[in-house]
Amino acid sequence: QVQLVESGGGLVQAGGSLRLSCAASGRTFSDYPMGWFRRAPGKEREFVAAISWGGGSTYYADSVKGRFTISRDNTKNTVYLQMNSLKPEDTAVYYCAARRQIAWGPRVVRPFEYDYWGQGTQVTVSS
């Protein structure tokens, strides 16, 4: 079992930055590919970014590419999402997720490929 706790959300003006953190506890964190997803009001949950177990490979949604950066520190059991040049359309609840299977590839953009989820942290970007 893995427990995930997100932090770092808040209110920021358009063009600003935030860094989200996801602290993991339980089984060996470094074995798991990790992902960030978000859900805006009235919309479906959508993929944001994912990172392989070793941190050497990443995927990004087109909507955040070039603005967001996912990273991980396996010594701290933490994954991060650095969000720059934020836009009002980035407003959402952001969730981190862990995938039990180590296999990597385009499948990691799909929510159902993940086994553990955090409670989420609210990000609000004002115009």
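In what follows, the structure referred to is the one given above.
Residues numbered from 1 in each chain as written. Predicted model: local features only at pLDDT ≥ 70, side-chain atom pairs only at ≥ 80, totals over all residues. Heavy atoms only, no water.

Glancing now at the nonpolar core. If you look at the biggest cluster of nonpolar residues, it comprises 36 residues, and the most contacted ones within it are Leu4, Met34, Trp36, Leu81, Met83 and Tyr94. Broken down by secondary-structure element, the contributors of at least two residues to this core are strand E1 (2-7), strand E3 (18-26), strand E4 (34-39), strand E5 (46-51), strand E7 (68-73), strand E8 (78-83), strand E9 (92-98) and strand E11 (121-126). Once residues lying within four places of it in the same chain are set aside, the contact partners of Leu4 are Cys22, Ala23, Ala24, Met34, Cys96, Ala97, Ala98, Tyr116, Trp117, Gly118 and Gln119. (Core = buried A, V, L, I, M, F, W, Y, C linked by side-chain atoms within 4.5 Å. Buried < 20%, exposed > 50% of the residue type's maximum accessible area, 1.4 Å probe, protein only. Helix = DSSP H or I, 4+ residues; strand = E, 2+ residues; numbered from the N terminus. Contact = heavy atoms within 4.5 Å.)

Before going further, it helps to spend a moment on the environment of Leu81. Summarising the element assignment, Leu81 is placed in strand E8. Linking Leu81 and Trp53, residues 28 residues apart in sequence, is a C-alpha distance of 15 Å. What Leu81 contacts, discounting residues up to four positions off in sequence, is Leu18, Arg19, Leu20, Trp36, Val48, Ala49, Phe68, Thr69, Ile70 and Tyr94.

As a further point, take the side chain of Ser52. You can see Ser52 is positioned in the loop between E5 and strand E6 (58-60). Not counting residues within four places of it along the chain, the set of residues in contact with Ser52 comprises Pro33, Ser57, Arg72 and Trp104.

As enumerated under the stated definition, the model contains six aromatic pairs in all. Relative to Trp117, the ring of Phe37 lies with its centre 5.1 Å away and its plane at 55°, an arrangement referred to as tilted. Pair noted here: Phe37 is in strand E4 and Trp117 is in strand E10 (residues 116-117), with a separation of 80 residues, a long-range link. Judged by centre distance (5.4 Å) and plane angle (35°), the ring pair of Tyr59 and Trp104 falls under tilted. Of this pair, Tyr59 sits in strand E6 while Trp104 sits in the loop between E9 and E10, placing them 45 residues apart in sequence. Taking the relative accessible area as the measure of exposure, Tyr59 reaches 27% and is therefore partly exposed. What links up through ring pairs into an aromatic cluster is the set Phe37, Phe47, Tyr114 and Trp117. The lysine or arginine in question, Arg45, covers the ring of Trp117, its NZ or CZ lying 4.3 Å from the ring centre. (Phe/Tyr/Trp six-rings, centres within 6.5 Å; stacked < 30°, edge-to-face > 60°. Lys NZ or Arg CZ within 6 Å of the ring centre and 35° of its normal.)

What follows is about the state of the cysteines. Across all of its chains, the model carries one disulfide by this definition. Each disulfide pairs two cysteine sulfurs, and for Cys22 the partner residue is Cys96, the sulfurs being separated by 1.9 Å. Across the S-S bond of Cys22 and Cys96 the torsion is about 45°, and the bridge reads as right-handed. Taken together, the positions of Cys22 in strand E3 and Cys96 in strand E9 put the pair 74 residues apart, joining distant regions of the chain. The residues Cys22 and Cys96 share a single accessibility class, namely buried. (Disulfide = S-S within 2.5 Å.)

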